[in-house]
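Secondary and tertiary structure notes
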Amino acid sequence: MKAHRLLFVCLSAALILTGYMFSVPDFHEVITVPQHGYFDSLLIVKEAIAGLIVSQISYYGFFIIDLLWAPTLLLLLYRYLRGSSEWWPLRPFTGHFLAIMFIVIAIPAYLFDILENVSYLFFTDTLISWLPLKTIVDFKNAAYTISFLVVLLFYYQKYVYEKLDLIKAAFKSSLISILTILLLIGLATLMEQGSTVIVHLFDHPLSLLMTIILLNLLAIVSAHYPDYMDKYFYKQSAIIWKLQSWQNKKSSLGIGFITYDEFKEENPETTSSVVRQLGNRNKTFFNHFRKIIGALVMITWLYVLLYVYRQYEIPTIPVTELIIGAILLSLMLHFWSAKVKEEWNYFVRSNKEPNQEIGQFLDEAKDPANSKPEIPDSTVSFCKATLFFFLMLIVFTGGTIVLAYIGSWVITWYMMVLTTLVNIVFIILFQQFRTVINLPQISDNLKWIPIVYLGDDNINIRFFAVMGLVSLFLFLGITFNPSSVSALVIMLLFVFLLYGAVVIMLKHHLYYSTQERESPQSVRFPKTKRFFKEYVPILGVLILGWILFSGIVGNGLHKLPFVDESADDVVTLEKYTNGLEMQAQEDKYLIASYGGGLRASAWTMLLLDTLYKADSNFFDKSLAMSGVSGGFLGLSFYTALMLAHENGEDRIQAIDAIGRHNLLSIDISYLLGFDFVRELIPYVKHFCYRDRAGRSMEAYAGLIQSNERASDDLLGSSYRSYWAKVYKKQQTKNRNFPALIGNTTGTNGQYGIAFSLDYRQDIHLFPGAVDILSIADHNDKSISYLDATSTTERFPIFSPAAEIERKGSFLDGGYFENSGLLSLMNFYEKLEKTFPDSFNDSHTKVIVIINSKDAYIGKVLDQSVHAKSNRAKSEMGAILSTIADISILPLALEAKYRERFGENYIPVYLPYPISYGDVVNFIGGVPIDPFTVQSIIDDSNKKVTDALRKSIGRSDKPIPPALARVLSDPAFDYIKAMLRHEEVESAIDSIYR
């Protein structure tokens, strides 16, 4: 069996090696492995690798090795299922039913595998005329799948079924730890902005240091606290609970540090008043489970790092394989160290006298004059290794922080991966040997290493209490300046605090509910006892009920305050149209900007600034600007910048500050902290401090207007009156300034409009829309410039719905129409009717600012690439994807206006690097001609590379921006570089032609 396993490992290594050696330069994304699956293009592939020696060797070597690897694996699995030394030569079809079923299915699976490999090796078309190669592969995959299901069923019966109760108990006790792992995974993989958050983290050394510390704390508590959760849920072994204060004396208000000791029957002083039967029935299994969960926290972080690196740097990095390897190696180290720890436990049990303290026993063992045996060398070695890896962790962490200050994010990433690997080893060893590393024989000369003292349970639990208090103060302090800290730090702080709060409640409940007679704390603090004993079990239900009640009753936390607005301070629609003096033959511009988070804001501002620099009369010729979500923020902010900064350099610096600002941390810190608490206070109509959306607008005001007085004016002026200041300033130069249209989505089924002109005399200007600025019975009141701006980019949860009195609640405009084209064209049609002789489509240019990657892919493919066959999608999946698609209406509007305005319809796309996988996802299947698609991708990506080279002097790996509330520095630099992209420059040229 050992030789068989070794052969399988060697063949697997050879198969992996030949697979990664294989490459086809001309089709590097389409064909990544020898088993490429393009059955109708075998000749094309063979011609492509004809002159490539390494590719030919790896191609043919892969299939030859696979002919040996597959039966080796199948026979190895059969031997495990058969469980007998006489596994094949004598009686192969006898034994366990599952073993027989497996071999019956595995034989045809391997035969189909042979047919497939022979086809790849020697044929350029199907091997059997009536049996296409694709059908052969389908049969092979089906047979292999069934055979592996049989194996899984065998292992389920043998190893899982009888431990189902133990597994369920372990999962229940480790639930919060498991949720922590899922949070880390979801952060990077499920949210588009997750990867951006990680890259942004590498730009901030202090946040990076806090992340490393918090991940260590979470890994340790994820392995430690489930021990208490287990004793809360399950009854088995006898436990003595102890309650202590900071001074190891009487606890304060009946609350303190709770630890436990195993009940010792030989101790006559132990009474049943402090004993309860608690704990998992299989302590060994549960201890392994919780400690592995602790290590998995760090392995999950390694997965996040690798995933991000694959997103931006090396698309072919084998993330799954590397993580599986890390898990297997970690398990080997865990069980090896657990075996050494058990040897230590056996040593103590075998040599210590009954009732003798361990410290006394070790002191005697240290004395060479006595006959007690020495501590096992393996224990000493592993304890010293634990301390060594702790010191290495400090050194590597320091190196990571230094590189974050002086190096690029890629260099910091490499150091962070090394730090994480060291961390994984340290966590595994520390979990096993925490209570051993403080032994005198080990730590006499190592007292200067702080973790030595954590071997004492009292010190250990106080350490976590201190870290909990520090985390609480940090969490509260961050609220006052959240943008200076990464959003990841805030989320990790919250998880750590939540975990600690739950465990503290449950431990105190255990203490007070396991006493048959009154303890001193119960006598002195009866109300404390009653709270923890009677109310903690239903505390979660009470809190949930209060949250529901508060949500139904509501308060004024998210209500937009009114500001003063005088009729003399605003510009009416009639006054604006009367001020237009454009001739019929002059070019006129209409501008629309798509939504897309902070990348849309940055791209819109940078593009407007470029257009204005190219032609100082650009805004004079522009009639209106309409946008949604981040796109409208870009239009609105640039409008404010026109008033705030006459100097172009000052404007670009302000745009840089806005584009690099961390708004996500404001959302997260308020969502989990300040706003969460205030949401639970019903009936209150006004709060002293704004909610997270208002706080974000205050931050933007400070970035737009660094002068405090001017910033206050921006915050306090109504939307229409502030725009009027910009308009009137341009009028003094005999220039026009375009009207500004913000689009938002009402929860009442209508969409909202924030129009910079007072159009109450023409209420049908935007059919079906709600004017969110005009307040009934309050002609002298409206909402502020930035509050109106914020209504267009309200993402649920992250940025709450904006409540406007007598108007309703409003969400992100992208949920209705994500381009701004609908309202823009309503206004244009109004102008056409007003000035029928001055407006015509041949001299009206519609400029659409687009930041979506999917839109750019569609533009590059030019609707000429179609899927060979669409991917299978469930009915529910089809429904959900359709509901979530916000591009359906904008695409229809685009098609309409392309037809109407022809070449005068000018979309300006934010370019992106494109992968073959992006194309497959976009069209919903494998392209009909994948090799042509590869050529299109390469041509497009070369333009991106050229733009980077022209902008920053080198063609670094691009970090394109995600749909996010925060951009990393490399992502913002990428957006700026794309202004030099040849397609963007061509679009700008067409605007002025």
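Throughout what follows, the structure given in this document is the object of discussion. (Residues numbered from 1 in each chain as written. Predicted model: local features only at pLDDT ≥ 70, side-chain atom pairs only at ≥ 80, totals over all residues. Heavy atoms only, no water.)

A closer look at the overall build of the protein chain
Helix and strand counts for the protein chain come out as 38 helices and 16 strands. Taking all 993 residues of the protein chain together, 52% fall into the buried category. When the accessible surface of the protein chain is totalled, it reaches about 45,200 Å², and 61% of it is carbon and sulfur. (Helix = DSSP H or I, 4+ residues; strand = E, 2+ residues; numbered from the N terminus. Buried < 20%, exposed > 50% of the residue type's maximum accessible area, 1.4 Å probe, protein only. Areas by Shrake-Rupley, 256 points an atom, 1.4 Å probe, with all protein chains shown as cover.)

A look at helix 21 (residues 539–553)
Spanning 15 residues, helix 21 covers 21 Å between terminal C-alpha atoms, matching the ideal 21 Å at 1.5 Å per step. Backbone geometry just downstream of helix 21 places G554 in the positive-phi region, at approximately 80°. (Expected span 1.5 Å × (residues − 1).)

Topic: empty space enclosed by the protein
In the structure shown here, the tally under the stated rule is three cavities of 30 Å³ or more. For the largest cavity, the calculated volume is near 60 Å³. Taken together, the elements giving at least two residues each to the lining of the largest cavity come down to helix 23 (597–614) and helix 24 (629–644). With three residues, helix 23 is the single largest residue contributor to the lining of the largest cavity. Across the lining of the largest cavity, the residue classes tally to five nonpolar, three polar and two charged. (1 Å grid on protein atoms, 1.4 Å probe; cavity = no way out; pocket = protein on both sides within 12 Å on 5 of 7 lines; lining within 4 Å. Points joined across faces, edges and corners; volume = space filled by probe spheres on them. Nonpolar A, V, L, I, M, F, W, Y, C, P; charged D, E, K, R; others polar.)

Focus: the packing of helix 3 (residues 53–82) against helix 5 (residues 133–160)
Helix 5 packs onto helix 3 with a crossing angle of 30° between their chain directions and a minimal axis gap of 11 Å. In terms of their interaxial angle, helix 3 and helix 5 are classed as roughly parallel. Classified by chirality, the crossing of helix 5 by helix 3 is left-handed. Contacts between helix 3 and helix 5 involve A70, L73, L74, L77, Y80 and L81 from the first element and Y144, F148, V150, V151, F154 and Y155 from the second. Considered class by class, the residues forming the contact of helix 3 with helix 5 number twelve nonpolar, no polar and no charged. (Axes fitted to C-alpha atoms, helices over the stretch in contact; angles between N-to-C directions. Parallel < 35°, antiparallel > 145°, perpendicular 65-115°, else oblique. Left-handed = near helix turned anticlockwise from the far one by under 90°. Contact = heavy atoms within 4.5 Å.)

A short note on the nonpolar core
Membership of the largest hydrophobic core comes to 257 residues, with the highest contact counts inside it found for W301, W409, W603, F755 and F827. With 16 residues, the top contributor of residues to this core is helix 18 (residues 487–513). Excluding its chain neighbours within four sequence positions, the residues that come into contact with W301 are I198, L201, T211, L215, M416, T420 and L488. (Core = buried A, V, L, I, M, F, W, Y, C linked by side-chain atoms within 4.5 Å.)

Section: a nonpolar patch on the surface
A grouping of I543, I547, F676, V677 and I681 is seen on the molecular surface, where their side chains present a nonpolar patch of about 400 Å² in accessible area. Residue assignment for the nonpolar patch shows that the elements contributing at least two residues are helix 21 and helix 26 (663–679). Among the structural elements, I681 can be located in the loop between helix 26 and helix 27 (692–704). On the basis of relative accessible area, I681 is assigned to the partly exposed category, the value being 35%. (Patch = residues over 30% accessible without salt bridge, like charges linked within 9 Å, V, L, I, M, F, W, Y side chains within 5 Å. Salt bridge = Lys/Arg side-chain N within 4 Å of Asp/Glu carboxyl O.)

Some points on the pattern of salt bridges
Within this structure, the stated rule accounts for 36 salt bridges. With a closest N to O distance of 3.4 Å, R660 and D969 form a salt bridge. With R660 in the loop between helix 25 (648–659) and helix 26 and D969 in helix 37 (residues 969–977), this pair connects stretches of sequence that are 309 residues apart. By relative accessible area, D969 is classed as partly exposed at 29%. In this structure, the salt-bridge partner of K859 is E983, at a minimum N-O distance of 2.7 Å. With K859 in helix 32 (residues 853–861) and E983 in helix 38 (residues 982–992), this residue pair connects regions lying 124 residues apart in the sequence. By relative accessible area, which is 30% here, K859 ends up partly exposed.

Here's the deal with the packing of aromatic side chains
Considering all chains together, one arrives at 56 aromatic pairs under this definition. The structure contains a cluster of three or more aromatic residues connected by ring pairs, namely Y576, W723, Y727, F755, Y759, F766 and F827. In this structure, R678 is placed above the aromatic ring of F674, and the distance from its NZ or CZ to the ring centre is 4.1 Å. The residue whose ring lies beneath R678 is F687, and the NZ or CZ to ring-centre distance is 5.5 Å. (Phe/Tyr/Trp six-rings, centres within 6.5 Å; stacked < 30°, edge-to-face > 60°. Lys NZ or Arg CZ within 6 Å of the ring centre and 35° of its normal.)

Re the side chain of S601
Looking at where S601 falls in the secondary structure, it is placed in helix 23. A polar side-chain atom of S601 sits 2.8 Å from the main-chain carbonyl oxygen of G630. Not counting residues up to four positions away in its chain, the partners in contact with S601 are G630, G631, L633 and G634. (Polar contact = N/O pair within 3.5 Å; in protein donor to acceptor, adjacent residues only side chain to side chain.)

A closer look at the pairing of strand 5 (residues 588–593)
Among the six residues of strand 5, six are classified as buried, and the element is accordingly described as predominantly covered. The alternating pattern of strand 5 places K588, L590 and A592 and Y589, I591 and S593 on opposite faces, both of which are buried. Strand direction decides the pairing type here: strand 5 and strand 13 (residues 844–850), joined by six bridges, are parallel. Counterpart to Y589 in the pairing with strand 13 is K845. Viewed along the sheet, the connection from strand 5 through helix 23 into strand 6 (residues 622–628) turns out right-handed. (Pairing = 2+ DSSP bridges. Right-handed = clockwise from strand over helix to strand, strands pointing away.)

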